[in-house]
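Read off the chains here:
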Amino acid sequence: YASFAKCVHPQDLPRVEQAVMEAQQSHQFYQAEFRIYWPDGSLHWVAGRGEFFYNAAGEAQRMAGVVMDVTDRRQAYLALQESERQFRTLLETVQLVGVILDREGKIVLCNDFLLALTGWRREEVLHKNWFDLFAPPEIRKDLRDRVFFNSLRSGLVPSHYENEIMTRDGRRCLIAWNNTLLRSLSGEPLQVASIGEDITERKKTERALIESEQHFRLLFEQAT
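These numbers were taken from a predicted model, which means no experiment stands behind them.

Asks: Provide a residue-level description of the overall build of the protein, including the pertinent values.
Replies: Of the regular secondary structure elements, the protein holds eight helices and eight strands. The C-alpha radius of gyration computed for the protein amounts to 27 Å, which surpasses the reference 17 Å derived for 224 residues by more than 25%, pointing to a less compact arrangement than a globule. Looking at the protein as a whole, 35% of its 224 residues are labelled buried. Considering only contacts in the protein between residues 6 or more positions apart, those separated by 24 or more positions represent 42%. Taken as a whole, the protein presents about 14,200 Å² of accessible surface, with 53% of it coming from carbon and sulfur.

Asks: An account of the sheet that holds strand E1 (residues 30–37) is needed here, citing residue identities and associated values.
Replies: One open sheet accounts for three strands, arranged E1-E2-E3; its pairing is antiparallel. In the strand order of this sheet, the two ends are held by E1 and strand E3 (60–69), each with one partner. Direction aside, neighbouring strands of the sheet carry axes that sit 35 degrees apart on average. The pairing of strand E2 (residues 43–54) with E3 spans nine bridges and is classified as antiparallel. By the bridge assignment for E3, Val46 is matched with Asp69. Those strands touched by helix H2 (residues 13–26) are E1, E2 and E3, and its axis lies near 150 degrees from that of E1. Contacts from helix H3 (residues 71–91) reach E1, E2 and E3 within the one sheet, and its direction differs from that of E2 by about 120 degrees.

Asks: Account for the nonpolar core, with residues named and values stated.
Replies: Across soluble globular proteins, you tend to see nonpolar side chains buried next to one another. Core analysis: the biggest nonpolar cluster contains 25 residues, and Ile107, Trp130, Phe134 and Ile165 have the highest contact counts within it. Those elements giving two or more residues to this core turn out to be strand E4 (97–101), strand E5 (107–110), helix H4 (112–118), helix H6 (130–134), helix H7 (137–154) and strand E7 (172–183). In terms of nonpolar packing, the next biggest core, distinct from the first, is built from 13 residues, Ala5, Val8, Val20 and Tyr30 among them.

Asks: Got a sec to walk through the environment of Lys6? Specific residues and values, please.
Replies: For Lys6, the location among the structural elements is in helix H1 (residues 2–7). Taking the C-alpha atoms as reference, Lys6 lies 8.7 Å from Tyr37; in sequence the two are 31 residues apart.

Asks: Give a description of the sheet that holds strand E8 (residues 189–198) that names residues and reports values.
Replies: With antiparallel pairing, five strands are arranged side by side in an open sheet as E5-E4-E8-E7-E6. The open sheet is flanked by E5 and strand E6 (160–166), the only strands paired with a single partner. Shown here is a sheet whose adjacent strand axes are inclined to one another by a mean of 30 degrees, direction ignored. Judged from the nine bridges that link them, E7 and E8 form a sheet pairing that is antiparallel. Looking at E8, one finds that Arg183 is bridged to Pro189. Across the sheet, H7 lies against E4, E6, E7 and E8, angled at about 140 degrees from E6, the strand it touches most. Strands in contact with helix H8 (residues 200–222) are E6, E7 and E8; relative to E7, the strand with the most contacts, it is inclined by about 130 degrees.

Asks: Go over the pattern of salt bridges, please, and point to the residues and values.
Replies: All told, the structure shown has 19 salt bridges when counted by the stated rule. With a shortest N-O distance of 2.9 Å, Arg35 and Asp12 are connected by a salt bridge. One end of the pair, Arg35, is in strand E1; the other, Asp12, is in the loop between H1 and H2, and 23 residues separate them in sequence. Residue Arg144 pairs with Asp145 through a salt bridge whose shortest N-O separation is 3.5 Å. Judged by relative accessible area, which is 22%, Arg144 ranks as partly exposed. Judged by relative accessible area, Asp145 falls into the partly exposed class, the value being 27%. Salt bridges here are not isolated pairs; linked through shared partners, they connect Arg121, Glu123, Glu124 and Arg168.

Asks: Break down the confidence of the model for the protein for me, with residues and values.
Replies: Should pLDDT be low for a region, the predicted coordinates there are not to be read in detail. Overall, the prediction assigns the protein a mean pLDDT of 85, with 98% of residues at 70 or greater. The secondary-structure element of the protein with the lowest mean pLDDT is H3, recorded at 77, while H6 shows the highest, at 96.

Asks: Just give me the short version of the packing of aromatic side chains, but keep the residues and values in it.
Replies: Under the defined criterion, the tally for this structure stands at four aromatic pairs. Taking 5.1 Å as the distance between ring centres and 80 degrees as the angle between the ring planes, the aromatic pair formed by Phe148 and Phe149 counts as edge-to-face. Of the residues examined, Phe148 reaches a relative accessible area of 7% and is grouped as buried. You can call Phe149 partly exposed: its relative accessible area is 23%. Seen from the ring of Phe29, Arg49 lies directly overhead, with NZ or CZ sitting 4.2 Å from the centre.

Rules and cut-offs
- Residues numbered from 1 in each chain as written.
- Predicted model: local features only at pLDDT ≥ 70, side-chain atom pairs only at ≥ 80, totals over all residues.
- Heavy atoms only, no water.
- Helix = DSSP H or I, 4+ residues; strand = E, 2+ residues; numbered from the N terminus.
- Rg over C-alpha atoms; globule rule 2.2 N^0.38 Å.
- Buried < 20%, exposed > 50% of the residue type's maximum accessible area, 1.4 Å probe, protein only.
- Contact = heavy atoms within 4.5 Å.
- Areas by Shrake-Rupley, 256 points an atom, 1.4 Å probe, with all protein chains shown as cover.
- Pairing = 2+ DSSP bridges.
- Axes fitted to C-alpha atoms, helices over the stretch in contact; angles between N-to-C directions.
- Core = buried A, V, L, I, M, F, W, Y, C linked by side-chain atoms within 4.5 Å.
- Salt bridge = Lys/Arg side-chain N within 4 Å of Asp/Glu carboxyl O.
- pLDDT = per-residue confidence, 0-100.
- Phe/Tyr/Trp six-rings, centres within 6.5 Å; stacked < 30°, edge-to-face > 60°.
- Lys NZ or Arg CZ within 6 Å of the ring centre and 35° of its normal.

Next comes the structure, spelled out in structure tokens:
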């Protein structure tokens, strides 16, 4: 064990030793993710799993285990965390709807502007399905299946589109979305990050203007 411990990154060693000690005392498998130095000096993330063998007195005599290199997976996780951090920082400074959905359509992150617009509290929406909570019933299936899941499968999320969302009190807001697909280092689609502008009032104004022009044209055509 001493030779193994020398290979573990010093910052991770206390956590590994704690996991090993707890496994030894409980006669259970030990399991942990940590950094380890390869013989060539390179640093890798590994998932370690092992078990102890005991003598007749119940004393641990030796430990056997395996480690699996999970460096790529860990780097993808850290990159995703950094992307979320940057996105969260951006959302705190803009008056736009901001949300990140995971592969199942569940809300991973949302900003204060979305909550203020829709009347929900953060703890009420996090990890809930976006489409069940915010999509109007008549377009829910189409948004979920055609736009979201098909986009994840194909890896091509539409960068711009408009659709209504439901507020907590049943009102509807028209949102113009800009979407970005977040991928792992291996290219696997993981999440969808979206920023949306509430264009409800602007569309109302445009419709009112069109109706006014049509009304004026009709009056003009009927005038002598």
